[in-house]
Amino acid sequence: MKKYLISILLILSYAKSFSQSFKPGEVWKDTDGKAINAHGGGILYHQGTYYWYGENRGEKRTVGVSCYSSKDLYNWNNEGIVLKTVADSTSLLQTGCLIERPKVIYNLKTDKYVMWFHHELKNQGYKAALTGVAVADSPQGPFTYLKSLRPHKGIWPANFPEDKRKIDTTSVTNKPPTELKERVIAGEIVQRDFNTGQMSRDMTLFVDDDHVAYHIASSEENQTLHISKLTDDYLDFDKEYHRVLPGLANEAPAIIKHQNKYYLIASGTTGWKPNPARSYVSDTIFGKWVSLGNPVRGSEEEKATTFKSQSTYILAVRGMKNKFIYMGDRWNPDDLKDSRYIWLPLTFENGKPTIHWKSSWRLE
Ligand code: GAL
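K.L.:
Explain the overall build of the chain residue by residue, including any values.
P.N.:
Along the chain, the regular secondary structure elements total four helices and 21 strands. Compactness check: the chain gives a C-alpha radius of gyration of 21 Å against a globular reference of 21 Å for 364 residues, within 12% of the reference. Across its three principal axes, the chain shows a C-alpha extent of roughly 85 × 50 × 40 Å. Within the chain, the fraction of its 364 residues that count as buried is 52%. Of the contacts made within the chain by residues no fewer than 6 positions apart, 50% connect residues no fewer than 24 positions apart. A total accessible area of about 16700 Å² is found for the chain, and carbon and sulfur atoms account for 52% of it. A gap of 3 Å separates the mean positions of the 48 positive and 41 negative side-chain charges of the chain.

See the structure below:
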């Protein structure tokens, strides 16, 4: 009898941390039974394993970047914190800084794992608007922090008209939103930031079929996306970058390629509060990007809040053709570490990426 009880208890405790489906919005536990702490994340697939990187949020501050690994996308092993903020007060990475939306890509030429992330400095709120880069020899890290920067200092966007290429450092920041939008569209923020480098906040990375990688970030006071080519080793910015959808205030960008077209999902700019998602399509990575509207199919409330989530990544599932997962965050600003994961199937309906709600689902 005692033997049976023990086996039942063992089975129950095993079942507790074993999952076979996605349950958006519930607490997701790792294989140790602890809540997964990887927000604003992204996924790297490498040699049969998925690695999920995300913001590790502590009680009050960013701890660093977490890494979890999985073979099936349902069960995640905690690989620890692969990039940590540091006590050293001379480092830009000092405790109290913000590390958001980390993404990792693998460089075939150098055999290195490269992480880029949105970086804000200690006690400066969201003023710095930097992008940071770190590198590792293995997907489980540890990652070595290299630098943070505002990209493209002294370089005009490739699609910036010749007659606008003049520096103007007059502040256009404290303008009413309507006026700011006009000034953004006119290119005044690009001109203002020409000498110091362009602002870089919400970001993602995208590696194309030819292994060229791109950094996609909200720039120009979060009003315009900048899509930038990275250097061959992925550790720096190449010269070429393009302004995309100026003045449309896209944040939380996520990009996939599907049947030779590029698709972008983004959110609006309402901080931690959810808003309607947007979707776009383009024949080339730099554009022209054309709106495909809100990808959410559901009630008015679901469309208005993207199922109470904000995009962070779209995963193309390996070995399953045309299988994509929309990955979003349901932020809890009062307790960021308790923000939940909203993963839903992303399908194409009439050529448009669409997302429907499912409270529990499997890949098949
Ligand atoms: C959101 C952004 C998040 C975080 C937040 C802070 O708009 O997508 O990553 O920066 O603002 O309020």
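K.L.:
Residue-level account of the sheet that holds strand E16 (residues 290–293), with values.
P.N.:
Strand order in this open sheet of four strands is E13-E14-E15-E16, and the pairing throughout is antiparallel. Here the strands that pair on one side only, and so sit at the sheet edges, are strand E13 (251–258) and E16. Shown here is a sheet whose adjacent strand axes are inclined to one another by a mean of 25°, direction ignored. Looking at chain direction, strand E14 (residues 261–267) and strand E15 (residues 278–282) are connected through five bridges and run antiparallel. Paired with Tyr262 across the bridge in E15 is Ser282.

K.L.:
Before we move on, could you go through the nonpolar core and cite the residues and values that matter?
P.N.:
Core analysis: the biggest nonpolar cluster contains 35 residues, and Phe22, Ile43, Trp52, Leu73, Trp76, Ile325 and Trp343 have the highest contact counts within it. When residues of this core are traced back to their parent elements, those giving at least two are strand E2 (49–57), E13, E14, strand E18 (310–316), strand E19 (324–330) and strand E20 (340–349). Examining the composition of this core, we find that five residues originate from one element, E20, more than from any other. Residue contacts for Trp76: discarding those within four places in its chain leaves Asp30, Thr31, Ile36, Ile43, Tyr50, Tyr51, Trp52, Tyr68, Ser69, Ser70 and Trp343. One finds Leu44, Tyr51, Ile99 and Met115 within the second-largest nonpolar core, a separate group that totals 17 residues.

K.L.:
Provide a residue-level description of the environment of Thr178, including the pertinent values.
P.N.:
Note on placement: Thr178 falls in helix H2 (residues 177–185). Judged by its relative accessible area of 60%, Thr178 is exposed. Sequence-wise, Thr178 and Gly247 are 69 residues apart; in three dimensions their C-alpha atoms are separated by 9.8 Å.

K.L.:
Quick one: what's the story with the environment of Lys122, residue by residue and with numbers?
P.N.:
Residue position: Lys122 is located in the loop between strand E6 (112–120) and strand E7 (130–136). Residue Lys122 is classed as partly exposed on the basis of its relative accessible area, which comes to 32%. For the pair Lys122 and Gly96, spaced 26 residues apart in sequence, the C-alpha to C-alpha distance is 4.9 Å. Contacts of Lys122, omitting those with residues within four sequence positions, involve Gln94, Thr95, Gly96 and Cys97.

K.L.:
Describe in detail the pattern of salt bridges, supporting the description with residues and values.
P.N.:
Tallying each qualifying case throughout the model produces 20 salt bridges. Here the salt bridges share partners, and the residues they tie into one network are Glu55, Arg57 and Glu100.

K.L.:
So what's going on with the site of the ligand? Residues and values would help.
P.N.:
For the ligand, the full set of nearby residues is Glu100, Arg101, Tyr126, Asp202, Glu251, Gly271, Trp272 and Gln310. At 3.5 Å from an oxygen atom of the ligand is found a side-chain nitrogen or oxygen belonging to Tyr126. One of the side-chain N or O atoms of Glu251 is found 2.5 Å from an oxygen atom in the ligand. Relative to its free-state accessible area of 300 Å², the ligand is covered by the protein chains to the extent of 89%. Here the shell around the ligand is composed, by residue class, of two nonpolar, two polar and four charged.

K.L.:
I'd like a description of the pairing of E6, backed by residues and values.
P.N.:
In terms of residue burial, E6 counts as a mostly covered element, since eight of its nine residues are buried. In the sheet, strand E5 (residues 98–107) pairs with E6 via eight bridges, with the strands oriented antiparallel. When the bridges of E6 are listed, Leu98 appears paired with Glu120. Of the pairings in the sheet, the one linking E6 to E7 comprises seven bridges and is antiparallel in character.

Definitions and limits used
Residues numbered from 1 in each chain as written. Predicted model: local features only at pLDDT ≥ 70, side-chain atom pairs only at ≥ 80, totals over all residues. Heavy atoms only, no water. Helix = DSSP H or I, 4+ residues; strand = E, 2+ residues; numbered from the N terminus. Rg over C-alpha atoms; globule rule 2.2 N^0.38 Å. Buried < 20%, exposed > 50% of the residue type's maximum accessible area, 1.4 Å probe, protein only. Contact = heavy atoms within 4.5 Å. Areas by Shrake-Rupley, 256 points an atom, 1.4 Å probe, with all protein chains shown as cover. Lys, Arg positive; Asp, Glu negative; His and termini not counted. Charge placed at Lys NZ, Arg CZ, Asp CG, Glu CD. Pairing = 2+ DSSP bridges. Axes fitted to C-alpha atoms, helices over the stretch in contact; angles between N-to-C directions. Core = buried A, V, L, I, M, F, W, Y, C linked by side-chain atoms within 4.5 Å. Salt bridge = Lys/Arg side-chain N within 4 Å of Asp/Glu carboxyl O. Near = heavy atom within 4 Å. Polar contact = N/O pair within 3.5 Å; in protein donor to acceptor, adjacent residues only side chain to side chain. Nonpolar A, V, L, I, M, F, W, Y, C, P; charged D, E, K, R; others polar.

Remember, this is a structural readout, not a statement about activity or role.
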